[in-house]
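Notes for the structure review
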Amino acid sequence: MSLLSIETLVSQLPPNTIKTLLLVLVPTAIWYLFIRQDPTEKPVTFEWKVPPEASPEWQGQVKLSSPSIDSHLDLSSSLLPTLSPITPERQFITTWSPTTNTLLSIFPSMSPNEIREAITRAEEAQKGWKETTWAQRRKVLRSLLKWVERDMDGIVQVACRDTGKTMVDAAFGEILTTCEKLRWTIENGEKYLKDEPRGTNLLLAHKKSWVRYEPLGVVAGVVSWNYPFHNLISPIISALMTGNSILLKPSELVLWSSTHYILAIRSCLSECGFDPDVVQGVYTRAESVEALTGDERLGHITFIGSERVGQKVALKAAEVGTPVLLELGGKDPCIILESADLGFFQHTWMRAAFQAAGQNCIGTERFLVHASLYPSVLSLVTPMVKSLRLGTDVGAMVSPALLPRLEELIDEAVKEGAEVIVGGKKVSEEEKEGSWFEPTLIVGVKEDMRIAREELFAPIMLVMSVSSTTEAIKIANGTRYGLGASVFGRNKEECRRCVRELRCGMVCTNDFGVFYLNQSLPFGGTKSSGHGRFAGPEGLRGLCNLKAITEDRFHGIIQTGIPPRLRYPIKDADGAWRFVKGLVGVVYGSWSGVGKAIAGLVW
């Protein structure tokens, strides 16, 4: 059909028909060109059964009086797992629910030999995984995203059972962040990992240059207990997208939930047609973990946890030259400037302090309030802190072992002049079974107090009065930590001044912690809060060997040769020097000296 006949046909159509066709065809074209998903990336559905212990109705059978990972030593041997040969050398790990101190399960701790065997399996699995296409990797990630959306309730219930956090807190820290990381990696992973052309110069004008982001092989993650789902799956997502296999060692305190999550991810890989050993869990006690962190076959370790343990991991890895990303502790400040909108942000400050019962690496540990607003801030937050309900608004502490230190720090601060307005003590077993600490508000805190300098990781809101922005910045920078920070105020220039002068890895204005919900941003800190970054392009590329490549632009036609005067053995040293000097002059010198430089090249 000719163009003329098409125009004639269109001219004969009623106007409403043309509009209808446009309404249908334009969105269809947009969908086909920009939105349509490659059929090879269609997500699969895989089986994952929510464990019965995750049910809110579950009661459990065995109560632990002082729960720890060694509680099995005081229990009947009949409770030990039967799947593993029990020898005198075999160690175990007890897991329990912090809300009731009820036994969840007892796991065999992997021995050093079992860990080394897992690394060998990961090596073999990675040989096939590194050859997968971007579409195949995205298919796995799309399947995981579909699973998170489908089984969100079960995933959250498992995390809550193992950590004692509330469902809403888990939705923020476990689900939203994971969905966003999956979405961002699916949409942007290939863009930041495919071969990247780089510019060249006059000397190498006949060559092309680029960077190739190659997988490192086998990588590892050693992660903390506060967000058992997201901290576990986050390094797995990055490892899968970069073509690596990964061994994930979770904290013993959340081993129960971690085993269920790892099982789901391995099931996803199998259903997609890949070797599940690309992802493996390393379930072991501290005594054996160096079999992982000290293995020279690892290409990289991501560590999320305490400063003390992070140092041990880094030292062991350094013995075999394995690079380690460290995301350690924090003492994040929130600066409330004189221009801050108190009425609007009071609820934001409450969540900044009490999200996940304060067991949040980017939670706010110090509120630095301008003196003119100090009374108003206290009058706003005091009744809100008093109204917080255990189990509904604020979750449990993951372990009773954390509670005595908190009481010690508070008692010491009170002796030094601080005042506890609300809370300040652990909740007794008679009041509520489990590991709970009262939502706490402390005022009159000074920067030299230990409570103002050490990470608390607890539902404790410290409020400090400052006379100026300069003093606020000084106090904010006054600890050894430098993870995150936040600044609140209507004065944009004053906010930007704080952003500029704060020594930390991340900062946001008029909000808290949102840099983590933007997965295009690198996540990490400075000073004793660690080094290296995960998330964003920087996080993905950190799991790669950055291979610099140059290639002749006209292969086999224009090639680089060594000029006669520079060939070994050099026959005329002065002539060789004049040539090199002339070359520098031609390429980098001023126009006025070009003639002389050319003469050096020729004569």
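All chains use their own residue numbering, which begins from 1 and follows the written sequence. Only residues with pLDDT of at least 70 get local features here, since the model is predicted, and only at 80 or more are side-chain atom pairs given and counted; chain-wide, interface and lining totals rely on the full set of residues. Side-chain measures here rest on the full set of heavy atoms in the structure, leaving out hydrogens and waters.

A few points about the overall build of the protein
To keep it simple, the criterion reads: Under the DSSP-based scheme used, a helix requires at least four consecutive residues in state H or I and a strand at least two consecutive residues in state E, with every element numbered from the N terminus. For each residue, the accessible area found with a 1.4 Å probe, counting protein chains only, is set against the maximum for its type, and the residue is called buried under 20%, exposed over 50%, and partly exposed in between. Residues count as neighbours in contact if any of their non-hydrogen atoms are within 4.5 Å of one another. Only the protein chains shown count as cover for residues, and the accessible areas themselves come from Shrake-Rupley with a 1.4 Å probe. Here Asp and Glu are counted as negative and Lys and Arg as positive; His is not counted, and neither are the chain ends. Charge placement uses NZ in Lys and CZ in Arg. For Asp and Glu, CG and CD serve respectively.
Of the regular secondary structure elements, the protein holds 18 helices and 20 strands. Here the C-alpha coordinates of the protein stretch approximately 95 × 80 × 60 Å along the principal axes. The buried share among the 603 residues of the protein stands at 50%. Partitioning the intrachain contacts of the protein with sequence separation of at least 6 by distance along the chain shows that 72% fall at a separation of at least 24. Accessible surface for the protein amounts to roughly 28,600 Å². Of this, 57% is attributable to carbon and sulfur atoms. If the 65 positive side-chain charges of the protein are averaged to one point and the 67 negative ones to another, these points end up 8 Å apart.

Notes on empty space enclosed by the protein
Selection rule: A 1.4 Å probe that fits into a set of points on a 1 Å grid over the protein atoms alone but cannot get out defines a cavity; an open set with protein on both sides within 12 Å along at least five of seven lines defines a pocket, and lining residues are those with an atom within 4 Å of a point. Grid points are joined across faces, edges and corners, and a volume is the space filled by probe spheres set on the points. Residue classes follow a fixed rule: Ala, Val, Leu, Ile, Met, Phe, Trp, Tyr, Cys and Pro count as nonpolar, while Asp, Glu, Lys and Arg count as charged, and any other residue, Gly among them, counts as polar.
The full count for this structure, using the stated rule, is 7 cavities of 30 Å³ or more. Estimates place the volume of the largest cavity at around 80 Å³. Lining the largest cavity are 16 residues, and of these P333, A476, Y481, G482 and G484 sit closest to its centre. Of all elements in the fold, only β15 (481-482) and β16 (484-488) reach the threshold of two or more residues within the lining of the largest cavity. Considering only enclosed or pocket space, the second largest cavity measures out at about 60 Å³ in volume. Along the walls of the second largest cavity sit A352, A353, G358, N360, G363, T364, E365, L456, F457, A458 and I460, which together make up its complete lining. Class assignment for the residues of the lining of the second largest cavity results in 6 nonpolar, 4 polar and 1 charged.

Here's the deal with the packing of aromatic side chains
Note the threshold: Pairing of aromatic side chains here covers Phe, Tyr and the six-membered ring of Trp, requires ring centres within 6.5 Å, and sorts the geometry by plane angle: under 30 degrees stacked, over 60 edge-to-face, intermediate tilted.
For the coordinates displayed, the defined rule picks out 13 aromatic pairs. Where W225 meets F457, the ring centres are 5.6 Å apart and the plane angle is 80°; that geometry is what we call edge-to-face. In this pair, W225 sits in the loop between β5 (218-222) and α7 (230-242) while F457 sits in the loop between β13 (440-443) and β14 (460-466), placing the two residues 232 residues apart along the sequence. A residue is classified by how much of its surface remains accessible, and W225, at 15% relative accessible area, is buried. Look at Y516 and F534: their rings are 6.4 Å apart centre to centre, the planes differ by 75°, and that puts the pair in the edge-to-face class. Linking Y516 in the loop between β17 (506-509) and β18 (526-527) with F534 in the loop between β19 (530-531) and α16 (536-541), this pair joins segments that are 18 residues apart in sequence. Among the residues examined, F534 registers a relative accessible area of 10% and is labelled buried.

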